[in-house]
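One letter stands for each residue in the lines below.
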Amino acid sequence: QVRLMESGGGSVQAGGSLRLSCKVSSSTYRHYCMGWFRQAPGKEREEVAHVDSTRSTAYADSVKGRFTASRDYDENILYLQMNSLKPEDSAMYSCVAGPLCDQLPTMPGHYWGQGTQVNVSS
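Everything numeric here is computed off the predicted structure, so don't read it as measured data.

Novice: Give a description of the nonpolar core that names residues and reports values.
Specialist: The biggest cluster of nonpolar side chains holds 37 residues, and the ones touching the most others in it are Leu4, Trp36, Val48, Phe67, Leu80, Met82 and Tyr93. Among the elements that line this core, the one with the most residues is strand 9 (residues 91–98), at 5 residues. Those residues in contact with Phe67, other than ones at most four positions away along the chain, are Arg38, Val48, Tyr59, Leu80, Gln81, Met82, Asn83, Leu85, Asp89 and Tyr93.

Here it is in structure tokens:
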């Protein structure tokens, strides 16, 4: 079964940077859209960014200009470079794959990684 595993989370001060990685265990999702979601306690899960199979990207307004999503298609890795971090960016960040970008929020559990925690202090 294909696995997705996030890494790179941690604690950082406001204004700092982190780079998250999502490693896929095979090339199964080479032609899929992949994205990052985040969820903080008591908050709804929200899409942060996605990258389709042609490198086209989209971002939530809240992170636009600060975050950059990219993919290494040969190594099956999805990245999220997070700069100018704010306390409100604190959340569990999870990656997901789906045939279409619009389907990402509703993909079954096995299409998601386990998540990596990001904590931004003021």
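Okay, back to it.
Novice: Give a description of the pattern of salt bridges that names residues and reports values.
Specialist: Side chains that differ in sign of charge can pair as their charged atoms come close. According to the stated counting rule, one finds 4 salt bridges in the structure shown. Across the pair Arg38 and Asp89 runs a salt bridge whose closest N-O atoms are separated by 2.9 Å. Of this pair, Arg38 sits in strand 4 (residues 33–39) while Asp89 is found in the loop between strand 8 (77–82) and strand 9, placing the two residues 51 residues apart along the sequence. Lys64 serves as the salt-bridge partner of Asp61, at 3.3 Å between the closest nitrogen and oxygen. Across the pair, exposure class does not vary: Asp61 and Lys64 are exposed alike. Here the salt bridges share partners, and the residues they tie into one network are Arg38, Glu46, Arg66 and Asp89.

Novice: Tell me about the sheet that holds strand 9, and name the residues and values.
Specialist: The strand order 2-10-9-4-5-6 describes an open sheet built from 6 strands, whose pairing is mixed. Across the chains shown, the open sheet's two edge strands, defined by having one partner strand only, are strand 2 (10–13) and strand 6 (57–59). The mean inter-strand angle of the sheet, taken between neighbouring strand axes irrespective of direction, is 25°.

Novice: Lay out the packing of aromatic side chains with the relevant residues and their values.
Specialist: Evaluated as defined, the whole model comprises 3 aromatic pairs. The interplanar angle of 35° and the centroid separation of 5.0 Å between the aromatic rings of Tyr29 and Tyr32 together place this pair among those described as tilted. Ring geometry for Tyr29 against Tyr111: centres 5.9 Å apart, planes inclined by 45°, an arrangement best described as tilted. Note that Tyr29 is positioned in the loop between strand 3 (18–24) and strand 4 and Tyr111 in the loop between strand 9 and strand 10 (116–121), a separation of 82 residues in sequence. Look at Tyr29 and you get buried, because its relative accessible area is 5%. Taken together, the aromatic side chains of Tyr29, Tyr32 and Tyr111 make up a single cluster linked through ring pairs. Looking at Arg45, its charged tip hangs above the ring of Phe37, at a distance of 5.4 Å from the centre.

Novice: Tell me what's going on with the pairing of strand 4, and back it up with residues and numbers.
Specialist: Each regular strand displays side chains that alternate between the two surfaces of the sheet. For strand 4, the tally of buried residues reaches 6 of 7 residues, placing the bulk of the element in the interior. Here 7 bridges tie strand 4 to strand 9, and the two strands are oriented antiparallel to one another. Counterpart to Gly35 in the pairing with strand 9 is Val96. For strand 4 and strand 5 (residues 46–51), the ladder comprises 5 bridges, and the chain directions are antiparallel. The residue of strand 5 that forms the bridge with Met34 is Val51. The loop that links strand 4 with its antiparallel partner strand 5 comprises 6 residues; one of these, Gly42, has a positive phi angle of about 80°.

About the criteria used
- Residues numbered from 1 in each chain as written.
- Predicted model: local features only at pLDDT ≥ 70, side-chain atom pairs only at ≥ 80, totals over all residues.
- Heavy atoms only, no water.
- Core = buried A, V, L, I, M, F, W, Y, C linked by side-chain atoms within 4.5 Å.
- Buried < 20%, exposed > 50% of the residue type's maximum accessible area, 1.4 Å probe, protein only.
- Helix = DSSP H or I, 4+ residues; strand = E, 2+ residues; numbered from the N terminus.
- Contact = heavy atoms within 4.5 Å.
- Salt bridge = Lys/Arg side-chain N within 4 Å of Asp/Glu carboxyl O.
- Pairing = 2+ DSSP bridges.
- Axes fitted to C-alpha atoms, helices over the stretch in contact; angles between N-to-C directions.
- Phe/Tyr/Trp six-rings, centres within 6.5 Å; stacked < 30°, edge-to-face > 60°.
- Lys NZ or Arg CZ within 6 Å of the ring centre and 35° of its normal.

Such coordinate-based values are descriptive only and should not be taken to indicate function.
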